[in-house]
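Analysis of the macromolecular model
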Amino acid sequence: MRKWLITAASAVIWVPTVVCAGEGNRVAPSAALVDTVHSEALVLDAHADVLTDRTPQRYFLADGGSRNSVERLRAGQVDAVVLSLAVGPGPRDAAGVAAAREEIAEKLGAVRARIAASDGQLVLARSAADIERAEQEGKTAVLLSFQNARALGTDIGAIDALYRDGVRVFAFNHAGHNDWSDSSRPSVGEPLAEHGGLSAVGRSAVPRLNDLGILIDVSQLSKAALVQTLNLTRVPVTATHSNASAVRQHPRSLDDEELDAIKANGGVVHVTPFNSYLVHLDPEARARIAQVWLAHGLSAEFNAGNDGYGTLSGEAQQAFLDALARVQPRASVADLVDHIDYIARRIGVEHVGIGTDFDHGAGINGFDSAAEARSVTAELLARGYTPDQVTAIWGGNFLRVLRAAQAGRRS
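Definitions and cut-offs
- Residues numbered from 1 in each chain as written.
- Predicted model: local features only at pLDDT ≥ 70, side-chain atom pairs only at ≥ 80, totals over all residues.
- Heavy atoms only, no water.
- Helix = DSSP H or I, 4+ residues; strand = E, 2+ residues; numbered from the N terminus.
- Buried < 20%, exposed > 50% of the residue type's maximum accessible area, 1.4 Å probe, protein only.
- Contact = heavy atoms within 4.5 Å.
- pLDDT = per-residue confidence, 0-100.
- Polar contact = N/O pair within 3.5 Å; in protein donor to acceptor, adjacent residues only side chain to side chain.
- Axes fitted to C-alpha atoms, helices over the stretch in contact; angles between N-to-C directions.
- Parallel < 35°, antiparallel > 145°, perpendicular 65-115°, else oblique.
- Left-handed = near helix turned anticlockwise from the far one by under 90°.

Thoughts on the environment of Asn178
With respect to the secondary-structure elements, Asn178 resides in the loop between strand S5 (167-171) and helix H7 (200-212). Under the relative-accessibility criterion, Asn178 is labelled buried at 0%. When the C-alpha positions of Asn178 and Thr229 are compared, they lie 15 Å apart, and in sequence the two are 51 residues distant. Not counting chain neighbours up to four residues away, the residues in contact with Asn178 comprise Arg92, Asn148, Ala149, Arg150, Phe172, Asn173 and His195.

Okay, here's the thing in structure tokens:
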């Protein structure tokens with residue numbers, strides 16, 4: 001299948017039609033053009049989660065299915081998805097680390113079982129070349145990532161084991177600090193910074209990841225940890241699911257200095273369709289959310305990131321999060337592309353991509369599963385992006401940094 005060429009020149013001369021949706025300058029593309037561009041682009045989701053029996057029900061679709069089921073991936077013509085072996089915040093003692101490792105092993109087994117049951121429609125990829133080969137063969141590539149070194153304790157050697165298992169993308173953190181790095185969202189009771197960025201273990205891990213050819217994911221790191229990672233790495237990095245704080249302030253989003261630093265590194269920021277990172281809360285929405293906090297014994301003075309519920313535990317925390325999900329306003333595809341627009345204008349279209357975080361709470365109106373990926377292509381074209389640029393955003397930029405990480409391999 002012919003692909004649209006990705007050229008440096010197209011990124012340099014690009015000027016979008018509009019900055020944000022709703023200004024009256026959008027030109028709706030024909031359905032035929034959208035179909036052609038979407039089918040000929042290598043459509044890649046840079047970050048999605050893995051559902052297991054322990055996953056809270058709110059992360060499933062209403063029919064009990066995955067937003068990244070084989071059927072939905074094929075319906076949306078998604079050629080590749082990066083599935084994350086991830087754990088959330090939790091205890092960092094020996095028992096907590098053991099439980100987190102068990103969860104990682106469970107998710108790895110779930111991915112392997114899913115590929116085995118796909119009748120050849122899904123294939124495990126270990127390189128950029130594998131991803132391209134799968135697309136050419138009409139299959140969907142699955143690339144493995146890892147998130148949250150809490151599951152590794154302080155064992156840097158565990159990175160090598162992850163590589164042998166097929167992991168090719170590595171994120172130090174989730175919410176809450178761990179023994180490797182500070183998080184952009186400390187857990188309740190934690191200091192704003194524990195290590196001042198990366199710990200000694202985290203600093204040692206950066207060159208080891210480079211040596212193995214593993215692409216480093218800086219999403220969820222504190223600003224200091226992100227900057228230190230960029231100063232230590234020999235190759236470009238990625239943020240697989242992060243938005244622009246200049247468009248919508250959120251602790252998980254990246255500010256302009258972070259965006260500029262990622263550009264200087266040659267990296268890519270992948271925007272995510274996560275409602276709380278996209279929606280600006282009006283007074284009515286804030287009042288509804290405040291009532292949920294109060295009903296669960298929390299302060300109505302919640303922050304922009306909806307953090308602060310860590311005092312709840314177990315079933316109480318899950319009940320709170322379920323209730324919060326029911327009143328959270330829903331974003332649109334236009335809201336998502338506003339962030340792509342901002343990042344493309346700020347640091348260049350060659351530095352922005354898409355990572356959905358599906359099956360971990362993401363999903364917006366018009367892009368609630370992989371089956372609706374075409375709607376993003378339609379919005380990008382409506383705003384004046386060229387087919388080359390749409391191709392770069394959907395997969396070309398990720399493949400570039402993955403290749404760069406692989407080219408840096410020394411062992």
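From this point on, the discussion continues.
Notes on the confidence of the model for the protein chain
The pLDDT averaged across the protein chain works out to 91; a share of 91% of its residues lies at or above 70. In this model, residues 1-24 is a region of pLDDT below 50 whose contacts with residues beyond four sequence positions or in other chains number 54 contacts.

Considerations on the side chain of Thr229
In this fold, Thr229 is placed in helix H8 (residues 223-232). Here Thr229 falls in the buried class, since its relative accessible area comes to 0%. Polar side-chain contacts of Thr229 include one of 2.8 Å to the backbone oxygen of Ala225. Residue contacts for Thr229: discarding those within four places in its chain leaves Phe172, Leu198, Val206, Ile216, Val218 and Leu221.

Looking at the packing of helix H6 (residues 158-165) against H7
Following both chains from N to C, one finds H6 and H7 inclined at 25°, their axes separated by 10 Å at the closest point. By the angle between their axes, H6 is roughly parallel relative to H7. Pair H6 / H7 crosses with right-handed handedness. Contacts between H6 and H7 involve Ile159, Asp160 and Tyr163 from the former and Ala205, Arg208, Leu209 and Leu212 from the latter.

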